[in-house]
2 protein chains.
Amino acid sequence: KEDLSFSAPQPKRQIDNKAKDEEVKQLQLDFTYGEQVEPKFETKVTATPSFSDVEKETPYVEEPKDEIKDSLKRLRAIAQLQLTYIIAESDDGGFYLIDQHAANERINYEAFMKDVNKGLIMREPLIPELIDIPLNDQLRLNEEKFETLTRLGIKLEHFGGTTYKISQVPVFKEDYDEKVYVEDVLNQLLHSDIEDFSNLRHYAVATMACKASVRANERLDLNSMQYLLDNLLKANNPYTCPHGRPTIIHFSKYELEKMFKRTGT
Amino acid sequence: KEDLSFSAPQPKRQIDNKAKDEEVKQLQLDFTYGEQVEPKFETKVTATPSFSDVEKETPYVEEPKDEIKDSLKRLRAIAQLQLTYIIAESDDGGFYLIDQHAANERINYEAFMKDVNKGLIMREPLIPELIDIPLNDQLRLNEEKFETLTRLGIKLEHFGGTTYKISQVPVFKEDYDEKVYVEDVLNQLLHSDIEDFSNLRHYAVATMACKASVRANERLDLNSMQYLLDNLLKANNPYTCPHGRPTIIHFSKYELEKMFKRTGT
């Protein structure tokens, strides 16, 4: 007998990024050259009140202001730096450094979130997976936490002793490591301060996005770099990875000229 | 009848760069990321007391400290930025921006100075060149200034009215525009505050170096960029162009990581 619990869609709210934003601003006081490209719009999460027979959560919708991204639209990848950053130039005369991993995380995060917003579809893992949950942790796995896991698309069946079988995982368009996903979410659920479901889901999806992304120290050819840039700029919020780290650092033409004292001042 | 005047070699002295250096330091207070690579040795000019039948001036000898340039030795050009800067990486994990014009100026300046130090050899211009010197300027062209010109390898003959014939120019290994050189030096001699011969010679050679250098907005392929870098790093003072502008801006690995908040702090 299935225990699919539904949650009422929640009202409009802001994602709590205040603490993070303050940290960002403090660090930026040090920047004279190379400004992090700052998102100039607010992140809005709006609820769509609809139910279905699959899990449906508050859609995560960010509303970008197109005029800001316009300046980024014609980024041309020109080189990979230290196998970690993409260097791009644009018609504005400046240049951009892009963290290839953070950029890919942002792209994957939004793609996964789109899946989640459509409503989670669950399936059995492709390969039967067993995980180990120590007794201490089993004691923490109360009814409420099982329900939370279900809302994240995860179902576990006690297999005997400390062993559990992963009987259901969410379907994402992109491949991912199901066992790593389950272990990570479970760990977060049992051992972190994150209580709010929305934040836990954010964590889970960001984790997936991270695992699925190109790493630092991976060689990319110019086409792959350009592909990454093009997709980053299609994201609603291309400026940070889901963990809040900058994806793009911009050096303006003026900054470049000032560094080399070409400004004539 | 030739009026070749000789000047006694001058004693050790420092090139007066104090004003420039102070300006540099003030600008650098603004830098958090992207430090100008600072020369950590002093510029020394030493005199070689020797005469010959060609003009021999105080040799311009800069003594570099090799351990400083060691860190620059393995710069690899990876891209040209905005047709103006070379982007290079090195094993230190950071990256370098190089102003292609300023870098080439430095290279040419030292090459020309080497010629000058060997002793100026003079010859007639390849193509007979006439220049115009307005009456006002002719009045300023006293004996002393003619002597200064001769020490710079330039001889002028009055041709009639305001017209002068360039009868001798210095020989440099590299080609240069003789007329532009003469006009520029003459203009500086007659209309600037530069009285000191050594500074005037510096100005003249720097001007030649500038004219002979690759400009901004010229496309370079990777080989040409690497060639420029390799030669820049052979210079005694690769860090600034002869006018004191930076040639190289360095971003360390740490600075890169800090920009992208990869430092874990």
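None of these values were measured; they are calculated from a predicted model.

(A) Structural detail: the overall build of chain A. Tallying secondary structure elements over chain A gives nine helices and nine strands in all. By the burial criterion, 51% of the 265 residues in chain A qualify as buried. Counting contacts in chain A only where the partners sit at least 6 residues apart, residues at least 24 apart contribute 71% of the total. Just so you have it, chain A exposes about 13,500 Å², and 48% of that area is on carbon and sulfur atoms.

(B) Inspection of the confidence of the model for chain A at higher detail. Residue and element names in this part refer to chain A. Summary statistics for chain A give a mean pLDDT of 77 and a share of 72% for residues scoring 70 or more. Across residues 1–32, confidence stays below pLDDT 50; counting only partners more than four residues off in sequence or on other chains, it has 58 contacts. Contacts of residues 39–61 to residues separated by more than four positions or lying in other chains number 71 contacts, the stretch itself having pLDDT below 50.

(C) A look at the interface of chain A and chain B. Contacts between chain A and chain B engage 39 residues on the former and 39 residues on the latter. Of the roughly 3,300 Å² buried where chain A meets chain B, counting both sides, 63% is carbon and sulfur surface. Ranking the residues of chain A by area buried against chain B places Q82, F260 and K261 of chain A at the top, with a combined share of 23%. For the interface between chain A and chain B, the tally reads two salt bridges. The salt bridge involving R262 of chain A is made with D99 of chain B; its shortest N-O contact spans 2.6 Å. Our count for the contact surface shared by chain A and chain B stands at ten residue pairs in polar contact (both at pLDDT 80 or more). Of all the secondary-structure elements, those providing two or more residues to the side of chain A that touches chain B are α1 (18–28), β2 (76–81), β3 (85–89), β4 (95–99), β9 (248–251) and α9 (253–259) of chain A. Partitioned by chemical class, the residues of the side of chain A that touches chain B number 20 nonpolar, eleven polar and eight charged.

(D) Structural context of the packing of helix α3 (residues 100–118) of chain A against helix α7 (residues 197–211) of chain A. All names here are of chain A. At a minimum axis separation of 8 Å, α3 and α7 run at an interaxial angle of 125°. Of the possible angle classes, the one that applies to α3 and α7 is oblique. The handedness of the crossing between α3 and α7 is right-handed. For the pair formed by α3 and α7, the contact residues are H101, E105, N108, Y109, F112, M113 and V116 on the first element and R201, H202, V205, A206, M208, A209 and C210 on the second.

(E) Summary view of a negative patch on the surface. Judged by side-chain charge, E143, E144, E147, D193 and E195 of chain A come together as a negatively charged surface patch. On the basis of relative accessibility, which here comes to 36%, the residue E147 of chain A falls in the partly exposed class.

(F) Structural context of the packing of helix α6 (residues 178–191) of chain B against helix α7 (residues 197–211) of chain B. Residue and element names in this part refer to chain B. In contact at an axis separation of 10 Å, α6 and α7 are set at 145° when each is read in the N-to-C sense. In this structure, the crossing between α6 and α7 has a hand that is right-handed. Facing V180, Y181, D184, V185, Q188 and L189 of α6, the residues of α7 in contact are L200, Y203, A204, T207, M208 and K211. A class-by-class count of the residues in the contact of α6 with α7 yields eight nonpolar, two polar and two charged.

(G) Structural context of helix α8 (residues 222–232) of chain A. All names here are of chain A. For α8, every residue scored as buried is listed here: M225, L228, L229 and L232. Here the buried residues of α8 occupy an arc of 100° about the axis, which is enough to place them on one side. Away from its buried face, by an angle of more than 90 degrees, α8 presents the exposed residues N223 and Y227. Its buried side turned inward, α8 meets β2, β3, β4, α3 and β9.

(H) Broad picture of the pattern of salt bridges. On inspection of all chains with the given rule, the structure shows 13 salt bridges over all chains. Between D91 of chain B and R76 of chain B there is a salt bridge, and its shortest N-O distance comes to 2.9 Å. Linking D91 of chain B in the loop between β3 (85–89) and β4 (95–99) with R76 of chain B in strand β2 (residues 76–81), this pair joins segments that are 15 residues apart in sequence. Overall, the relative accessible area of 57% leaves D91 of chain B in the exposed class. One continuous salt-bridge network, built from bridges that share partners, spans R76, E89 and D91 of chain A.

(I) A look at the relation of the copies chain A and chain B. Rotating chain A by 180° and moving it 0.0 Å along the rotation axis overlays it on chain B with an RMSD of 0.1 Å. In the structure described here, the two chain copies are related by an operation that fits a two-fold rotation axis. Of the interface residues in chain A, 100% have counterparts in chain B that sit at the interface too, so the contact is made through matching surfaces.

Calculation rules
Residues numbered from 1 in each chain as written. Chains lettered and ligands numbered in written order. Predicted model: local features only at pLDDT ≥ 70, side-chain atom pairs only at ≥ 80, totals over all residues. Heavy atoms only, no water. Helix = DSSP H or I, 4+ residues; strand = E, 2+ residues; numbered from the N terminus. Buried < 20%, exposed > 50% of the residue type's maximum accessible area, 1.4 Å probe, protein only. Contact = heavy atoms within 4.5 Å. Areas by Shrake-Rupley, 256 points an atom, 1.4 Å probe, with all protein chains shown as cover. pLDDT = per-residue confidence, 0-100. Buried area = accessible area lost by both parts, 1.4 Å probe. Salt bridge = Lys/Arg side-chain N within 4 Å of Asp/Glu carboxyl O. Polar contact = N/O pair within 3.5 Å; in protein donor to acceptor, adjacent residues only side chain to side chain. Nonpolar A, V, L, I, M, F, W, Y, C, P; charged D, E, K, R; others polar. Axes fitted to C-alpha atoms, helices over the stretch in contact; angles between N-to-C directions. Parallel < 35°, antiparallel > 145°, perpendicular 65-115°, else oblique. Left-handed = near helix turned anticlockwise from the far one by under 90°. Patch = residues over 30% accessible without salt bridge, like charges linked within 9 Å, V, L, I, M, F, W, Y side chains within 5 Å. Lys, Arg positive; Asp, Glu negative; His and termini not counted. Charge placed at Lys NZ, Arg CZ, Asp CG, Glu CD. Arc of directions from axis to C-beta. Least-squares fit on C-alpha atoms with pLDDT ≥ 70 in both.

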